[in-house]
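One letter stands for each residue in the lines below.
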Amino acid sequence: MNSRQKKLTLKRRFAEKRFRYYGLASLFLATTMLFIIIFSMMYRAVPAFTNYGMNLEINLPISESEDSDSQDLNYRRIINKSILSLAPDCMDRSCIRDLVRLFSSGASYDLREYIEKNSSYTNETFSLFILFSDDADLFYKFGIDEDLEEEERRLDDREVRWLQEFQKTGKVESRISKNMFLNGDSREPEIAGVLGAVIGSLYTILITLLISFPIGVFTAIYLENFAAKSRITDFIEVNINNLAAVPSIIFGLLGLALFINFFGMPRSAPLVGGCVLSLMTLPTIIISTRASLQAVPPSIREAALAMGASEMQVVFHHLLPASLPGILTGTIIGLARAFGESAPLLLIGMVAFIVDIPGSITDPATALPVQVYIWADSPERAFVAKTSAATLVLILLLVIINLAAVIMRKRYELKW
């Protein structure tokens, strides 16, 4: 080997080594950016998982003869009376309003729920844990910027003094936020939760799976094994490939025109959301199914035909089971993409403010990505942490879905 050949060999090896370093640097950069994003979300989401509250002394003189409507009014009055007892010198209307707004507006509902479970407390004094409002809760978590003028702060000096006095009593506590995981949406950050959005997303994805999986698989089987090659099938195949690249908002416009305006289906329902997302998922399932069928060795098909099997038996007894890992993987990846979509759902009304947790596929509901969008657009500071927490829940569910794809592929994968 002459000197020129040695130089070329060294140059080629150096280029290969440099390329490996480029790959490692790219992998390190991608991993670092992912870690930064996840860590920043976790850091901002931490305040959403706890709530500050205070144990109030409640005196409940409710008569058994009162009807339910008057009892609902009395709950609010009783809560306000207990709050005002914390500051006996607060007499004028402005002072009362400022004091009461330090506590959550959902306190009356907490009291009603507590009484329904403990009816023996009527005409007795007992202690009940009441949540603070979002401004008071953020004060205990982060303090207050004393450099700001009083007019520029969410809490004035008098409210800050009250909160400091409450803390000195030892009745202020920080507890795990059950509302975050057990409630639906709310205008009040301390009450809002993700359960309604999670249930709505699961209903929507279930409808998407039930519609898109059988239609997509059977379409792929027909195009790959039974359809004669013609201009029509070529036209269909080209359009299926094109549909896979269509922006998701286009499917939302199609769903709005077709399912809601034409068929009159209920707006903001998981049923409509599932139908819209199934249109978006179908191309992915069809393409992945066809690729999986093509990946099966031709010898499997030839051996089955040689044994006298019909075309239908070859497909359903041999080709389809052998291609099942790829089909399931493609389906779950398509569903994972649909699970994280918000644009199509915004156009069919799933951006509506829904407090109740949906009980069926036709009840009004929202989805988790849409919930993140709604909270990110809310002006209250406490919704910043709620947005990050809901994003983490969404990421966790997507990880579970993709993990299921990996497990299924490993479980049913065949070695040729």
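All values reported here derive from a predicted model rather than from experimental measurement.

About the cut-offs
Residues numbered from 1 in each chain as written. Predicted model: local features only at pLDDT ≥ 70, side-chain atom pairs only at ≥ 80, totals over all residues. Heavy atoms only, no water. Helix = DSSP H or I, 4+ residues; strand = E, 2+ residues; numbered from the N terminus. Expected span 1.5 Å × (residues − 1). Buried < 20%, exposed > 50% of the residue type's maximum accessible area, 1.4 Å probe, protein only. Arc of directions from axis to C-beta. Contact = heavy atoms within 4.5 Å. Polar contact = N/O pair within 3.5 Å; in protein donor to acceptor, adjacent residues only side chain to side chain. Disulfide = S-S within 2.5 Å. Bend = angle between axes of the 7 residues up to and from the residue. Salt bridge = Lys/Arg side-chain N within 4 Å of Asp/Glu carboxyl O.

For helix 6 (residues 157-168), built from twelve residues, the straight-helix expectation of 16 Å at 1.5 Å per residue is met to within 8% by its first-to-last C-alpha distance of 17 Å. Inspection of helix 6 places Glu159, Val160, Trp162, Leu163 and Phe166 among the buried residues, and these make up the whole buried set. For helix 6, the angular spread of buried residues about the axis comes to 160°, placing them on one side. Along its buried surface, helix 6 packs onto strand 1 (50-59), helix 3 (93-100), helix 5 (134-142) and strand 3 (172-176). For helix 6, the capping residue at the N-terminal end is aspartate 156, with a side-chain oxygen 3.2 Å from the backbone nitrogen of arginine 158.

Our next topic: the state of the cysteines. Per the stated rule, a full pass over the model turns up one disulfide. In this model, cysteine 90 is linked to cysteine 95 through a disulfide, with the two sulfur atoms separated by 2.0 Å. Note on the cysteine 90 and cysteine 95 pair: the S-S dihedral is about -135°, so by sign convention the disulfide is left-handed. Take cysteine 90 and cysteine 95: they sit in the same class, and that class is buried.

This next bit is on helix 10 (residues 248-262). End to end, helix 10 covers 20 Å across 15 residues, agreeing with the expected 21 Å (1.5 Å per residue, within 8%). Taking the largest bend as the criterion, helix 10 deviates by roughly 30°, centred on glycine 255. Among the residues of helix 10, those classed as buried are Ser248, Phe251, Gly252, Gly255, Leu256, Phe259 and Ile260. Of the surrounding secondary structure, the elements contacted by the buried residues of helix 10 are helix 9 (231-243), helix 11 (270-295) and helix 14 (343-347). Backbone geometry just downstream of helix 10 places glycine 264 in the positive-phi region, at approximately 70°.

Time to look at the pattern of salt bridges. On inspection of all chains with the given rule, the structure shows twelve salt bridges. A salt bridge links aspartate 98 to arginine 158; its shortest N-O distance comes to 2.7 Å. With aspartate 98 in helix 3 and arginine 158 in helix 6, the pair connects residues that are 60 residues apart, well separated along the chain. A relative accessible area of 11% means that aspartate 98 is categorised as buried. For arginine 290, the salt bridge goes to glutamate 237, with nearest N and O atoms at 3.2 Å. On the criterion of sequence distance, the pair formed by arginine 290 in helix 11 and glutamate 237 in helix 9 is long-range, its members being 53 residues apart. A residue is classified by how much of its surface remains accessible, and glutamate 237, at 16% relative accessible area, is buried. A single salt-bridge network, built from bridges that share partners, covers Arg101, Asp135, Arg154 and Glu159.

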